[in-house]
Amino acid sequence: MSELLSRAEIIDRTTQYIQDLLRDEGTGHDWWHIKRVRDMALFLADKEGADLFVVEVAALLHDIADHKFHDGDENIGPAKAREWLHSLNADDDLINEIVTIIREVSFKGAHVNTEMSSIEGQVVQDADRLDALGAIGIGRAFAYGGYKERPMYDPDIDPVMHHSFEAYKKEAGPTVNHFYEKLFLLKDRMNTSTAKKIARRRHNYMKDFIDTFMSEWNFNTKNDL
Ligand code: ADP
Ligand code: NI
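A. A look at the side chain of D30. Inspection of the secondary structure puts D30 in the loop between α1 (7-22) and α2 (31-48). Comment: no salt bridge for buried D30; closest opposite-charge side chain is R36, at 5.1 Å. Within polar-contact distance, the side chain of D30 engages the backbone nitrogen of W32 at 3.1 Å.

B. Quick peek at the layout of surface pockets. Of the pockets and cavities examined, the largest pocket occupies roughly 720 Å³. What lines the largest pocket is a set of 33 residues, and nearest its centre among them are K68, Y144, Y168, H178 and K182. For the lining of the largest pocket, the secondary-structure elements that each account for two or more residues are α6 (119-130), α7 (134-147), α8 (165-170) and α9 (175-181). Considering every element that reaches the lining of the largest pocket, the biggest residue donor is α7, with five residues. Tallied by class, residues from the lining of the largest pocket come to eight nonpolar, 12 polar and 13 charged. Taken together, 13 residues form the lining of the second largest pocket, with R7, I10, F53, D91 and L94 sitting closest to its centre. Of all the secondary structure elements, the ones that give two or more residues to the lining of the second largest pocket are α1, α3 (52-61) and α5 (92-104). Here the residues of the lining of the second largest pocket sort into eight nonpolar, one polar and four charged.

C. Inspection of the coordination of the nickel ion (ligand 2) at higher detail. The coordination sphere of the nickel ion (ligand 2), as far as protein atoms go, consists of H33 (NE2), H62 (NE2), D63 (OD) and D128 (OD), spread over 2.1 to 2.2 Å. All donor residues of the nickel ion (ligand 2) come from one chain, and their arrangement in sequence is H-x28-H-D-x64-D. Of the two residues, H62 is situated in the loop between α3 and α4 (76-87) and D128 in helix α6; the sequence distance between them amounts to 66 residues. Neither residue differs from the other here; H62 and D128 are each classed as buried.

D. Fine view of empty space enclosed by the protein. Under the counting rule described, the total for this entry stands at one cavity of 30 Å³ or more. In this model, the largest cavity occupies a volume close to 160 Å³. Examining the composition of the lining of the largest cavity, we find that three residues originate from one element, α4, more than from any other. Split by residue class, the lining of the largest cavity holds seven nonpolar, four polar and six charged.

E. Seen up close, the site of ligand 1. As a structural note, the neighbourhood of ligand 1 is formed by 18 residues, with H29, D66, K68, S106 and D128 the closest of them. A distance of 3.2 Å separates an oxygen atom of ligand 1 from a polar atom in the side chain of D63. Between ligand 1 and D128 there is a distance of 2.9 Å, counted from an oxygen atom to a side-chain nitrogen or oxygen. Judged by the fraction of its atoms near the pocket grid, ligand 1 is located in the largest pocket. The set of elements that each furnish at least two residues to the shell around ligand 1 consists of α7 and α9. Sort the elements by how many residues they give to the shell around ligand 1 and α7 lands first, with three residues. The residue inventory of the shell around ligand 1, partitioned by class, reads five nonpolar, six polar and seven charged.

F. Focus on the packing of aromatic side chains. A full pass over the atoms with the stated rule returns 14 aromatic pairs. Here Y144 and Y147 contribute two aromatic rings whose centre-to-centre distance is 6.4 Å and whose plane-to-plane angle is 45°, an arrangement assigned as tilted. Here Y144 pairs with Y147, and both are found in helix α7, just three residues apart, close to one helical turn. Take Y144: its relative accessible area is 15%, and that puts it in the buried class.

Each value, and the rule that gives it
Residues numbered from 1 in each chain as written. Chains lettered and ligands numbered in written order. Predicted model: local features only at pLDDT ≥ 70, side-chain atom pairs only at ≥ 80, totals over all residues. Heavy atoms only, no water. Helix = DSSP H or I, 4+ residues; strand = E, 2+ residues; numbered from the N terminus. Buried < 20%, exposed > 50% of the residue type's maximum accessible area, 1.4 Å probe, protein only. Lys, Arg positive; Asp, Glu negative; His and termini not counted. Salt bridge = Lys/Arg side-chain N within 4 Å of Asp/Glu carboxyl O. Polar contact = N/O pair within 3.5 Å; in protein donor to acceptor, adjacent residues only side chain to side chain. 1 Å grid on protein atoms, 1.4 Å probe; cavity = no way out; pocket = protein on both sides within 12 Å on 5 of 7 lines; lining within 4 Å. Points joined across faces, edges and corners; volume = space filled by probe spheres on them. Nonpolar A, V, L, I, M, F, W, Y, C, P; charged D, E, K, R; others polar. Donors = N, O, S within 2.8 Å, 3.2 Å for Na, K, Ca; no water. Near = heavy atom within 4 Å. Sits in = over half its atoms within 2 Å of the grid points. Phe/Tyr/Trp six-rings, centres within 6.5 Å; stacked < 30°, edge-to-face > 60°.

So this is what it looks like as structure tokens:
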């Protein structure tokens, strides 16, 4: 194809493609996750002076082929994004910017650095991480855990603070452990001050949830009635 598409056409076609691809996804990585991340990323981008077009395309494509659903293959997302943008005849600079964001964006373990190399990447990462927090974050975590057939909680299995992406990818512990291994760490890892503020509220709500979960688990007939 040699036709040159406008930015609006690139956005429209990419939106349609991702909507069709992720419409019936059941693990919290569905189209509505992508839409929330896109909307939040554009809000943050506006505040931070990031390039709105790059941010929107990257947000739309960030979960095009997540390693979690492709046997841990971390190259498939960047490759699929490149292929898609290439099919739209997008220019190489744009393609490289987007592919870099997709390669860098994911959480990779408690002790693994996930610094983003552009401001556009920083706001997409913040938006993606904000969607892992709060009421929606709780819902997404249990949806994913159920999909992976994991127990909600097992008091005999401790959370693990991973030192490598390889070890993090292999983790198969109960869903409550994921709160300690990732979700509770995110509020201190936001890139932008606006995201930090939003993260604090969502973090506190999630903390309350886990406190209540534990008090119900450890129900005490003497004190809890
Ligand atoms: P990232 O690329 O940073 O992993 P995603 O958009 O793919 O971000 O979404 C990650 C979300 O998937 C988590 O926040 C959580 O809701 C869910 N998830 C991932 N791993 C687990 C897990 N081990 N247990 C429960 N939920 C998980
Ligand atoms: Ni995501």
